[in-house]
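Chain by chain, the residues:
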Amino acid sequence: MTLLDQQETRTAIRTCPLCEATCGLELTITPKNEVKVTRGDKDDVFSAGFICPKGTTLGHLHNDPDWLRQPMVKRDGEFVPVTWDEAFATIDAGLMPLIAEHGRDAVAVYLGNPGAHSLSLLLYNRSVLLGLGSRNRFSASTVDQRPKEISTAMMFGSVTVPVPDLDRTDFILLLGANPYASNGSLCTAPDFPGRLERIQERGGKVVVVDPRRSETVEKADQHIAIRPGTDAHLLAALVNVMFDEGIADAGHLTDHVSGWEDLAPLVERFDADTAATVCGIEAETIRELARALVNNDKAVVYGRIGTCTQEFGTLASWLVDVVNICSGNLDTVGGAMFAKGATGQPSTKGAPGSGRGFKMGRVHSRVSGSPESLGEFPVTALPEEIETEGEGQVRALITVGGNPVSSNPNTARIDAAIGSLDFVVCVDPYINETTRHADVILPPPTALQKSHFDLAFVNFSVHNVANYSPAVFPLDDTQMDEGTIMLRLAGLVAGGGFNADTDAMDLEVAKAMIGAAVRDEHGNVYGRDAAELLEMLADRVGPERLLDIMLRTGPYGDGFGTDPDGLTLSVLEANPHGVDLGELEAGRVPANVRTPTGTIDLTPPKLVEDFARLVTSLDRDWDNSMVLVGRRHVRSNNSWMHNIKVLTKGKNRCTLQIHPDDAAARSIVDGAMATVTSRVGTVDVAVEITDGIRPGVVSIPHGFGQNMPGVKLAVATAYDGVNTNILTDEYFRDELSGNIALNGVPVEVSAAVGAAEIPAAG
Ligand SMILES: Nc1nc2c(c(=O)[nH]1)N[C@H]1C(S)=C(S)[C@@H](COP(=O)(O)OP(=O)(O)OC[C@H]3O[C@@H](n4cnc5c(=O)[nH]c(N)nc54)[C@H](O)[C@@H]3O)O[C@H]1N2
Ligand SMILES: Nc1nc2c(c(=O)[nH]1)N[C@H]1C(S)=C(S)[C@@H](COP(=O)(O)OP(=O)(O)OC[C@H]3O[C@@H](n4cnc5c(=O)[nH]c(N)nc54)[C@H](O)[C@@H]3O)O[C@H]1N2
Ligand code: SF4
Ligand SMILES: [Mo]
């Protein structure tokens with residue numbers, strides 16, 4: 001390296017947008033704009049230097065030759081690069097006649113997971129949804145956390161998810177979560193594993209409920225190898241034991257809950273012995289757990305994807321919070337607590353202590369009558385809406401940062417359904433399983449070309465912080481920023497033509513946001529002159545202007561000058577390592593409750609109704625079948641990071657984990673192929689025999705099998721793997737929410753006919 005190089009090499013500090021842990025990173029950038037080193041930012045107020053293998057690859061992603069830098073239009077079956085004007089004109093010509101003829105519901109929207117990690121998408125998705133005006137909205141939330149959103153909204157009046165107070169608890173019970181692989185979810189905690197280890201270092205205990213001996217289990221003090229899909233039974237039994245032994249006590253919440261008297265009768269049949277048989281665990285384990293949760297001053301239950309994406313997902317999600325309340329551990333230090341995000345959330349807006357509450361099922365999907373929740377239908381209803389003819393049939397699809405062909409259940413069906421559509425638009429950087437069906441692909445810039453603020457995850461954080469990162473690299477001439485893509489699409493679908501005035505639209509979004517803030521009589525700018533406030537933001541446009549409004553009117557905000565020490569975007573810009581807003585506070589209830597009664601509803605009617613299903617299931621023959629569950633690996637990210645060579649090298653990770661007894665009974669050999677069949681499909685997959693999985697359970701990770709015709713992911717396509725969603729079943733779902741059950745899927749497993757040794761992935 002020459003001296004000149006050294007002088008011009010620069011450092012960039014930014015938050016990693018790849019998962020929910022929100023780690024601060026330090027990137028060393030050469031004068032040629034190459035990312036030379038990526039390490040954890042040791043001065044980050046939250047992550048203090050932590051980084052995982054994925055976090056080191058932001059530069060690889062930025063340079064991935066398969067990442068599209070220019071819009072693509074399909075002509076004669078081939079994608080050709082075009083200008084943005086051509087791309088939007090093609091969408092205008094394809095989509096608007098369909099809308100004119102068949103109405104707005106003929107166009108469905110699917111919002112994927114990266115949207116929760118993108119500032120621009122979080123701010124501008126809504127413009128597209130409003131501009132389009134279709135009732136057919138879908139998202140990855142219903143292959144994920146929707147049950148938890150629904151259960152907390154029913155209990156607290158708005159989506160208000162309590163998080164485990166990881167840094168202060170002395171006893172944590174984790175169900176269906178493997179933070180050593182996932183780095184945590186609905187619980188934002190950089191270095192989640194380190195935080196768990198510190199619980200043990202201070203003499204506390206980590207207990208994990210998981211049918212597999214996961215990486216988290218390996219480090220835990222106790223493993224409860226539950227039968228998949230029976231977490232709600234276990235949790236109901238914990239409530240049963242607490243009442244039965246007379247130790248249930250809501251503590252300081254006693255006067256702020258309703259339905260307490262109804263709990264014991266509700267869970268009456270879930271005594272420890274009965275539940276133990278269903279869950280396939282020891283009754284005494286359940287009793288000991290119940291006592292430990294009550295007797296420990298700082299104890300908490302945390303449930304994640306294994307508890308959501310299963311047959312009783314909403315019940316399990318609800319019971320996690322019920323158990324926390326019954327053991328006196330909700331809204332207390334070391335228990336389950338509420339984050340106070342810097343940009344405000346429903347539980348910090350409007351009148352403290354009560355609200356309009358939550359409603360779902362206000363409309364139902366056309367074909368199967370699946371209920372709407374949070375303005376969306378469950379994705380389990382998407383294929384039938386495309387296939388079934390009649391008024392309101394879905395004929396076109398807009399995907400935004402989503403890969404439903406890979407991530408949604410019953411791949412064969414969703415793939416054929418999307419393939420049959422008249423028009424498909426994808427806001428997506430890759431040509432993958434879903435976007436190969438697109439007529440037009442609108443690629444966003446890479447993460448390093450976008451500014452970042454975790455609008456979503458500050459609301460699930462185990463410590464209140466705020467970090468803003470400016471873009472590291474400018475856009476290429478052929479690129480468009482993601483917010484502008486969305487606004488232009490919004491203007492188009494609203495009928496404004498292919499070349500909407502996005503600056504004017506952006507100003508309208510800002511005006512609407514300020515308008516709402518000055519009308520909120522409980523807010524910090526109530527009654528102020530909206531035009532004057534807008535004038536104070538004159539230097540800012542786009543996502544930064546909206547973010548500044550949210551920060552300044554948020555719980556720590558400067559109120560546009562009323563509190564000179566308050567938070568603004570300028571403050572965050574001056575503090576690249578983040579601003580520490582303090583530990584989570586106890587005693588947020590009842591101020592953050594938004595139910596009409598002002599109390600936490602322990603027994604929401606829809607959940608009590610659904611509980612009947614759980615009771616009926618007690619009589620099922622649970623030992624009857626082999627079931628499939630999923631898993632994650634720290635070096636992968638759903639379906640879209642298998643194209644990064646450094647993450648995919650090493651041994652094949654897309655294997656069928658099976659217990660030695662189950663393998664022996666089927667003459668299945670380690671390293672050979674097995675055939676797995678469900679109601680909807682069959683796959684042949686490489687076998688990994690391990691006693692780290694419960695007998696009767698097999699596991700395949702998702703996001704693999706990216707070798708469908710037309711996919712342009714050079715590295716991912718070459719990887720030996722299968723798509724486990726060929727097996728998952730759109731009609732095996734949590735009835736209340738319509739959320740998919742990805743875990744506990746009944747399957748049959750046998751040795752593959754003519755099975756050959758599978759080569760290791762390169
Ligand atoms: N490296 C990496 N990180 C990720 C992702 C990724 O793909 N890769 N994805 C991100 C996303 S989108 C999410 S939502 C989060 C998810 O984050 P987590 O919720 O931590 O998800 P997993 O790591 O899949 O761990 C789920 C565990 O549940 C277990 N399990 C399966 N069925 C059951 C059941 O019925 N009951 C119980 N108790 N356990 C069960 C599985 O064996 C598995 O160990 O991770 C995020 N982080
Ligand atoms: N069997 C099984 N299936 C599962 C799961 C499981 O545990 N088991 N997990 C489920 C869960 S938790 C989730 S969240 C879903 C995820 O479901 P999806 O969100 O549908 O799928 P992803 O694989 O996350 O794909 C994300 C897409 O976004 C694109 N993308 C990446 N970055 C950006 C960006 O910055 N902007 C835009 N516009 N696009 C971008 C990628 O190219 C990709 O096409 O999968 C679910 N599916
Ligand atoms: S844990 Fe998540 S946020 Fe942290 S570096 Fe890894 S991918 Fe990025
Ligand atoms: Mo997810």
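Rules used in this analysis
Residues numbered from 1 in each chain as written. Chains lettered and ligands numbered in written order. Predicted model: local features only at pLDDT ≥ 70, side-chain atom pairs only at ≥ 80, totals over all residues. Heavy atoms only, no water. Helix = DSSP H or I, 4+ residues; strand = E, 2+ residues; numbered from the N terminus. Rg over C-alpha atoms; globule rule 2.2 N^0.38 Å. Buried < 20%, exposed > 50% of the residue type's maximum accessible area, 1.4 Å probe, protein only. Contact = heavy atoms within 4.5 Å. Areas by Shrake-Rupley, 256 points an atom, 1.4 Å probe, with all protein chains shown as cover. Lys, Arg positive; Asp, Glu negative; His and termini not counted. Charge placed at Lys NZ, Arg CZ, Asp CG, Glu CD. Core = buried A, V, L, I, M, F, W, Y, C linked by side-chain atoms within 4.5 Å. Salt bridge = Lys/Arg side-chain N within 4 Å of Asp/Glu carboxyl O. Phe/Tyr/Trp six-rings, centres within 6.5 Å; stacked < 30°, edge-to-face > 60°. Lys NZ or Arg CZ within 6 Å of the ring centre and 35° of its normal. Near = heavy atom within 4 Å. Nonpolar A, V, L, I, M, F, W, Y, C, P; charged D, E, K, R; others polar. Polar contact = N/O pair within 3.5 Å; in protein donor to acceptor, adjacent residues only side chain to side chain. Domains from an automatic or database assignment. Pairing = 2+ DSSP bridges. Axes fitted to C-alpha atoms, helices over the stretch in contact; angles between N-to-C directions.

1. So, the overall build of the chain
Point 1. If you tally the helices and strands in the chain, you get 26 helices and 26 strands.
Point 2. For the chain, the C-alpha radius of gyration of 25 Å lies close to 27 Å, the compact-globule estimate for 762 residues.
Point 3. For the chain, the spread of C-alpha atoms along the three principal axes comes to 70 × 65 × 65 Å.
Point 4. The buried share of the chain, taken over its 762 residues, is 62%.
Point 5. Sequence-distant contacts, at least 24 apart, represent 74% of the contacts inside the chain between residues at least 6 apart.
Point 6. As displayed, the chain has an accessible area near 27100 Å², and 50% of this comes from carbon and sulfur atoms.
Point 7. Across the chain, the centroid of the 64 positively charged side chains sits 2 Å from that of the 101 negatively charged ones.

2. Some details on the nonpolar core
Where a protein is soluble and globular, its nonpolar side chains tend to be buried together.
Point 1. Residues L173, I286, I600 and F611 are the most contacted members of the largest nonpolar core, which totals 94 residues.
Point 2. Leaving out residues up to four positions away in the same chain, I600 has contacts with M155, F156, L253, H256, V257, S258, I325, L330, V589 and V593.
Point 3. L95, V425, V493 and A517 belong to the second-largest nonpolar core, a separate cluster that totals 63 residues.

3. Focus on the pattern of salt bridges
Between side chains of opposite charge, pairing is possible as soon as their charged atoms come close.
Point 1. For the structure on display, the rule yields 38 salt bridges.
Point 2. Linking E585 and K340 is a salt bridge whose minimum nitrogen-to-oxygen distance equals 3.4 Å. Of this pair, E585 sits in the loop between strand 19 (579-583) and strand 20 (600-601) while K340 sits in the loop between strand 14 (336-337) and helix 15 (382-387), and the two are 245 residues apart along the sequence.
Point 3. Here R436 makes a salt bridge to D415, at a shortest N to O gap of 2.8 Å. Remark: D415 occurs in helix 17 (residues 411-419) and R436 occurs in the loop between strand 16 (423-427) and strand 17 (440-442); sequence separation between them is 21 residues.
Point 4. For R436, a relative accessible area of 14% translates into the label buried.
Point 5. Three or more residues joined by partner-sharing salt bridges are found here, namely E245, D273, E284, R287 and R291.

4. Focus: the packing of aromatic side chains
Point 1. Counted by the stated rule, this structure contains nine aromatic pairs.
Point 2. When the ring of F243 is compared with that of W260, the centres are 5.1 Å apart and the planes differ by 55 degrees; the resulting orientation is tilted. With a gap of 17 residues between them, F243 in helix 9 (residues 231-244) and W260 in helix 10 (residues 260-266) connect regions that are remote in the sequence.
Point 3. An aromatic cluster of three or more residues is present, and its members are F270, W318 and F611.
Point 4. For the cation-ring pair, R552 lies above F560, with the distance from its terminal atom to the ring centre recorded as 4.4 Å.

5. Structural notes on the site of ligand 3
Point 1. All residues in the neighbourhood of ligand 3 are listed as C16, L18, C19, A21, T22, C23, F50, I51, C52, K54, G55 and N183.
Point 2. In terms of residue class, the shell around ligand 3 is made up of eight nonpolar, three polar and one charged.

6. Structural notes on the site of ligand 2
Point 1. Neighbouring ligand 2 are 30 residues, the closest being Y110, N113, D428, E482 and S639.
Point 2. In the model, an oxygen atom of ligand 2 is placed 2.9 Å from a nitrogen or oxygen of the N403 main chain.
Point 3. Between R632 and ligand 2, the recorded distance is 3.1 Å, taken from a side-chain N or O atom to a nitrogen atom.
Point 4. Protein contacts shield 96% of the accessible area of ligand 2, which totals 910 Å² for the unbound molecule.
Point 5. Class assignment of the residues belonging to the shell around ligand 2 gives a composition of 13 nonpolar, 12 polar and five charged.
Point 6. No fewer than three residues from each of domain 2 (68-145 + 369-452) and domain 5 (625-751) sit in the shell around ligand 2.

7. Considerations on the side chain of R552
Point 1. The topology assignment puts R552 in helix 21 (residues 542-552).
Point 2. If sequence neighbours within four positions are ignored, R552 has contacts with N524, M536, L537, G557, D558, G559, F560, G561, L567 and T568.

8. A few points about the sheet that holds strand 3 (residues 35-40)
Sheets are built from strands paired through backbone hydrogen bonds, the pairs being either parallel or antiparallel.
Point 1. Read across the sheet, three strands follow the order 1-2-3 without closing on themselves; strand pairing throughout is antiparallel. Edge strands, defined here as strands with exactly one partner in the open sheet, are strand 1 (10-15) and strand 3. Going from strand to strand, the sheet's axes swing by 25 degrees on average, the running direction of each strand aside.
Point 2. As paired strands, strand 1 and strand 2 (residues 24-29) are joined by six bridges and run antiparallel to one another.

9. Here's the deal with the domain arrangement of the chain
Point 1. With domains assigned, the chain is organised as domain 1 (3-62), domain 2 (68-145 + 369-452), domain 3 (165-338 + 596-613), domain 4 (484-575) and domain 5 (625-751).
Point 2. Relative to domain 2, the C-alpha centre of domain 1 lies at a distance of 32 Å.
Point 3. Facing the 12 residues of domain 1 at the interface are nine residues of domain 2.
Point 4. Where domain 1 touches domain 2, the interface holds zero salt bridges.
Point 5. Remark: the boundary between domain 1 and domain 2 carries five residue pairs in polar contact (both at pLDDT 80 or more).
Point 6. When contributions to the side of domain 1 that touches domain 2 are tallied by element, the ones reaching two or more residues are strand 1 and helix 2 (58-63).
Point 7. Here the side of domain 1 that touches domain 2 is composed, by residue class, of seven nonpolar, three polar and two charged.

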